[in-house]
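Now for the letters of each chain:
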Amino acid sequence: MTKNFSQTAAFIWSVADLLRGDFKQSQYGRIILPFTLLRRLECVLEDTKAAVVVESTRIAEMGLPEEAQEKFLIRASKRPFYNISPMDLSKMGQSDIKDNLSTYVQSFSKDAREIFEHFKFEEFVGQLADANLLYKVVQKFANTDLSPKAISNHKMGFVFEELIRRFAESSNETAGEHFTPRDIVRLTTSLVFMEDDDALTKDGIIRTIYDPTAGTGGFLSSGMEYVLELNPDAVMRTYGQELNPESYAICKADMLIKGQEVNNIKLGNTLSSDQLVTETFDYMLSNPPFGVDWKKISGEINAEHQQKGFDGRFGAGLPRVSDGSLLFLMHLISKMRPVVSRDSSTHNSPQNSNQGSRIGIILNGSPLFTGGAGSGESEIRRYILQADLLEAIIALPNDMFYNTGIATYIWILSNKKAPERRGKVQLIDGSNLYSKMRKSLGSKRNEMSEDDIRTITKSFGNFEVVDARVLDKPEEVKSNRGRQSANPKSEPAKTFASKIFATHEFGYRRLTIERPLRLSAQLSDEAIDSLRYAPKPFDMVMPALYEAFGNNWAAGNDSDSDNSNYGDLSAVTLEARAMIKADFSELKESQIKDVLNTKIWQSQLALMTKAKALQAAIGDKQFDDFNEFEKVFKQALKDTDVSLDISLDVKEKKQLLDAITWKNPEAEPVIKKTVKVANPLYGAFSYQPSGSNKSAKIVEFQPDSDLRDYENVPLNPEVTTTELIESYFAREVQPHVPDAWINADKTDAIDEEVGIVGFEIPFNRHFYVYEPPRALAEIDADLDAVSTEIMQLLGEVHS
């Protein structure tokens, strides 16, 4: 048995040869992993096994509760776990092996026993027994030396990780759910820990590391490995929580093998049920699921946001329900340890862990820019940037993960930034730092070499600006299928770059720009006739019903006509309903009942009659000044109300005005109200109607929602908000649309100043390199060649 961990893992995985044919490939890991753990635990306990068995027999006669028994047995075991059975894998008889193995596993301490339960170990043991393979598998592991003398805890962790990787490869459809590729783990871990290298080498160092989406524990293991390489005497305490029971079992087993306190690894949904609610940590690493929907737990999340605010985890805001990535980020921020003040007496003590925290989290592109000013996503970015927590964002190559090929980014956050980093954010474009894999693993087609990782960590560590420099990378191998262009487009060079920005450069203030509503009005016959039909949702179905069944109704245009049967569909209800169901299936049953009722038709007829009366008083001429028309309309309504007892309720008036008015850019603006002081920047204009002899007055206009626009004004902390927005408006808006104004009612909820503050990180825009299009002559030459080829093929067909 070799002590090389990769060869050991390969030897263990050879058990798959026994399973082939009786089990699916995706099930191999579910059998091999728990048996490997079982054998390792057995080997670790071998030295103290006899003492534990004797102690178990002694205390069994004392009638102690289970917790008290555990304390005695752990003391005898000299390990955080134990097994009270005198059996081991080599002593399992072939005839009773299933029952003996079950009893053996149940003899472990609670934490170890729980791991096998989450593996559903007994279920697979039963399947192995049914396939007559259980004895062979048990013998294979019984003859595998996994003792600490043969392979250390550190190397056993590598063995377990290698088995997990093989398991992931054999079940690619689910690999990405619990397994982060090693190259990404190494890069993220290095970025998080490298700033603390000096502190981590001190004597007596104690640090904690946490992953809220622990998966199989890859990040926790990598963090421990990094620190122990720097300082073998350091104490690293791992914490994590995982939703998937099987991944949780693997993680817990890995931590158990490495001597960690497995009670710190929790099972459950981190967002809805944080089981480490009072804990804070030195280092946090996470690869949460991309675009995870949190609708199922929205009740708990919303309640915490509304009731606790910033005393909870989600005070800054909530992202859209379809993507909970930023919820995980806010959860991590809530776990940050405070920075001890410089005058603290314990500040220089290496054991003191209250030295702030560092976070590394992998996210897709959505959290960078999704959501406009005032949205939950924007407010979360605002909080992170204004609190100066974000150190860097690194763009990774595509096709790096097992279950997705989309663009991904590493966010590095800290509440203990170095002085030169304060108020700044570093963006690193590492999207071209990759090599093609010889064999794809699911969606993972690319991998990062040690040199690639070193390039990023060096740029981050030096906090340097790197102008786009061409990388020494081979060109992509293109497919030679199909017709090849005579003048192929050259591939853009693969480059690496790093840029540094002030945090406020990602912020802007969104101004709402209004323009006046301009209406024309006319009481035309066509407009009045349109009042025969109610507005949405009846504006389409009523004309169809009128055309099909209204020929027997009275005309409805003469006030002296007998309109008692107008709108009566009782004789044709079945035909009308069938037509509605066939042609207007979007209507609900309650709406169908309304449109088949005479009442809605009669009310529309009454409105038409009122409009005819107003037309008689006003005439049918076109008004291009709605302010003038409104005066005439009100007077006519008042006069006809006296003579003909006509009145319009709010709903009727709105429908009538909608029917007889339309937007006209040549019409006069509609006045909202008069004011005392002119301020055209904010909508108070000195106004005199065209062709009017009246003196000008100061007014505010009704805004036209269709002409409403928004301007994003970059933040500038060196000037006041008023100066910022007014100078921008005067420079960028007013010269082009003189009648526009700033809506001063749209203010920010936090600073209460005009304009809503938003933050976004347009990563790709900052690294975009312009590529000139191909010359037209080259494109024409390719088109001519294709056309000639097509004509030749057509000639061959016809011949």
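Rules of the game
- Sequence order sets the numbering: in each chain, residues are counted from 1 along the sequence as written.
- Whole-chain, interface and lining totals are the exception, using all residues; otherwise, since this is a predicted model, local features are given only for residues with pLDDT of at least 70 and side-chain atom pairs are given and counted only at 80 or more.
- Processing note: side-chain calculations cover all non-hydrogen atoms of the structure and skip hydrogens and water entirely.
- In this scheme, strands are said to pair when DSSP sees at least two bridges between them.
- Numbering of helices and strands runs from the N terminus; a helix is a DSSP stretch of H or I covering at least four residues, while a strand is a stretch of E covering at least two.
- Each axis is a line fitted through C-alpha atoms, and for a helix only the stretch in contact is used; angles between axes span 0 to 180 degrees, taken between their N-to-C directions.
- Aromatic pairs are defined between Phe, Tyr and Trp rings, using the six-membered ring for Trp, whenever the two ring centres lie within 6.5 Å; interplanar angles under 30 degrees are classed as stacked, those over 60 as edge-to-face, and all others as tilted.
- Placement of a positive charge over a ring is assigned whenever Lys NZ or Arg CZ falls within 6 Å of the ring centre and within 35 degrees of the normal to the ring plane.
- Throughout this description, buried means an accessible area under 20% of the type-specific maximum (1.4 Å probe, protein chains only), exposed means over 50%, and partly exposed covers the range between.
- Orientation categories follow fixed angle ranges, with anything under 35 degrees roughly parallel, anything over 145 roughly antiparallel, 65 to 115 roughly perpendicular, and all other angles oblique.
- Only heavy atoms matter for contacts: two residues are in contact if any of them lie within 4.5 Å across the pair.
- Polarity classes work like this: nonpolar for Ala, Val, Leu, Ile, Met, Phe, Trp, Tyr, Cys and Pro, charged for Asp, Glu, Lys and Arg, and polar for all others, with Gly in that last group.
- For a helix, the expected span equals 1.5 Å multiplied by the number of residues minus one.
- Polar contacts here mean pairs of N or O atoms no more than 3.5 Å apart (in protein, one a potential hydrogen donor and the other a potential acceptor; neighbouring residues in sequence count only if both atoms are side-chain atoms).
- Confidence scores labelled pLDDT are given residue by residue by the predictor and lie between 0 and 100.
- Should a side-chain nitrogen of Lys or Arg be within 4 Å of a carboxyl oxygen of Asp or Glu, the pair is scored as a salt bridge.

Here's the deal with the sheet that holds strand β16 (residues 671–674)
Part 1 of the argument: Strand order across the open sheet formed by 3 strands is β16-β18-β17, with antiparallel pairing between neighbours. The sheet is open, and its two borders are formed by β16 and β17 (685–687), each paired with just one other strand. Sheet twist, expressed as the average angle between the axes of neighbouring strands with direction ignored, equals 55 degrees.
Part 2 of the argument: As paired elements, β16 and strand β18 (residues 697–701) share 3 bridges and run antiparallel to each other. For Thr-674, the partnering residue across the bridge sits in β18 and is Val-699.

Things to note about the packing of aromatic side chains
Part 1 of the argument: Counting across every chain of the model gives 25 aromatic pairs.
Part 2 of the argument: Ring-pair connections join several aromatic residues into one group, and the members of that group are Phe-35, Tyr-104, Phe-108, Phe-116, Phe-121 and Phe-141.
Part 3 of the argument: Sitting over the face of the ring of Phe-767, Lys-499 holds its NZ or CZ atom 5.3 Å from the ring centroid.

A look at the pairing of strand β5 (residues 358–364)
Part 1 of the argument: A large share of β5 lies buried, amounting to 7 of its 7 residues.
Part 2 of the argument: Of the two faces of β5, the one carrying Arg-358, Gly-360, Ile-362 and Asn-364 and the one carrying Ile-359, Ile-361 and Leu-363 are both buried.
Part 3 of the argument: Pairing between strand β4 (residues 283–286) and β5: 4 bridges, direction parallel. Looking at the pairing, Leu-285 lines up with Gly-360 of β5.
Part 4 of the argument: Sheet analysis places β5 next to strand β7 (residues 408–414), joined by 7 bridges and oriented antiparallel. Considered in β7, the bridge of Ile-362 is made with Ile-410.

Focus: the packing of helix α14 (residues 218–230) against helix α15 (residues 245–257)
Part 1 of the argument: Following both chains from N to C, one finds α14 and α15 inclined at 20 degrees, their axes separated by 10 Å at the closest point. Between α14 and α15, the interaxial angle falls into the category roughly parallel. Residues Leu-220, Ser-221 and Met-224 of α14 form the contact with α15, whose participating residues are Cys-251, Asp-254 and Met-255.
Part 2 of the argument: When the residues that make up the contact of α14 with α15 are grouped by side-chain class, the tally is 4 nonpolar, 1 polar and 1 charged.

Points about α15
Part 1 of the argument: End to end, α15 covers 18 Å across 13 residues, agreeing with the expected 18 Å (1.5 Å per residue, within 8%).
Part 2 of the argument: Burial runs high along α15: 12 of the 13 residues are buried.
Part 3 of the argument: Taken together, the buried positions of α15 are Glu-246, Ser-247, Tyr-248, Ala-249, Ile-250, Cys-251, Lys-252, Ala-253, Asp-254, Met-255, Leu-256 and Ile-257.
Part 4 of the argument: If you check the start of α15, you find a side-chain oxygen 3.0 Å away from the backbone N of Glu-246, and it comes from Asn-244.
Part 5 of the argument: Positive phi shows up at Gly-259, right after α15, with a value of about 80 degrees.

Considerations on unusual backbone geometry
Leave glycine aside and you will find that most residues have negative phi; peptide bonds, for their part, are mostly trans.
Part 1 of the argument: Of note, the bond from Lys-536 into Pro-537 is cis; its omega dihedral lies within 30 degrees of zero at 10 degrees.
Part 2 of the argument: Unusually for a residue other than glycine, Lys-78 sits at a positive phi of about 60 degrees.
Part 3 of the argument: Relative to the helices and strands, Lys-78 is located in the loop between α5 (66–77) and α6 (97–106).
Part 4 of the argument: Look at Lys-78 and you get exposed, because its relative accessible area is 66%.
Part 5 of the argument: Phi at Asp-388 takes a positive value of approximately 60 degrees, unusual for a residue other than glycine.

Concerning the confidence of the model for the protein chain
Detailed reading of the predicted coordinates is not advisable wherever pLDDT is low.
Part 1 of the argument: The predicted model of the protein chain has a mean per-residue pLDDT of 88, with 92% of residues at 70 or higher.
Part 2 of the argument: The low-confidence segment residues 344–353 (pLDDT under 50) makes 20 contacts with residues lying over four places distant or belonging to another chain.

Here's the deal with the pattern of salt bridges
Part 1 of the argument: Under the counting rule described, the total for this entry stands at 37 salt bridges.
Part 2 of the argument: Among the salt bridges present, the one from Arg-358 reaches Glu-391, with a minimum N-O distance of 3.0 Å. With Arg-358 in strand β5 and Glu-391 in strand β6 (residues 390–395), this residue pair connects regions lying 33 residues apart in the sequence. For the pair Arg-358 and Glu-391, one class covers both residues: buried.
Part 3 of the argument: The salt bridge partner of Lys-663 is Asp-706, with a shortest N-O separation of 2.6 Å.

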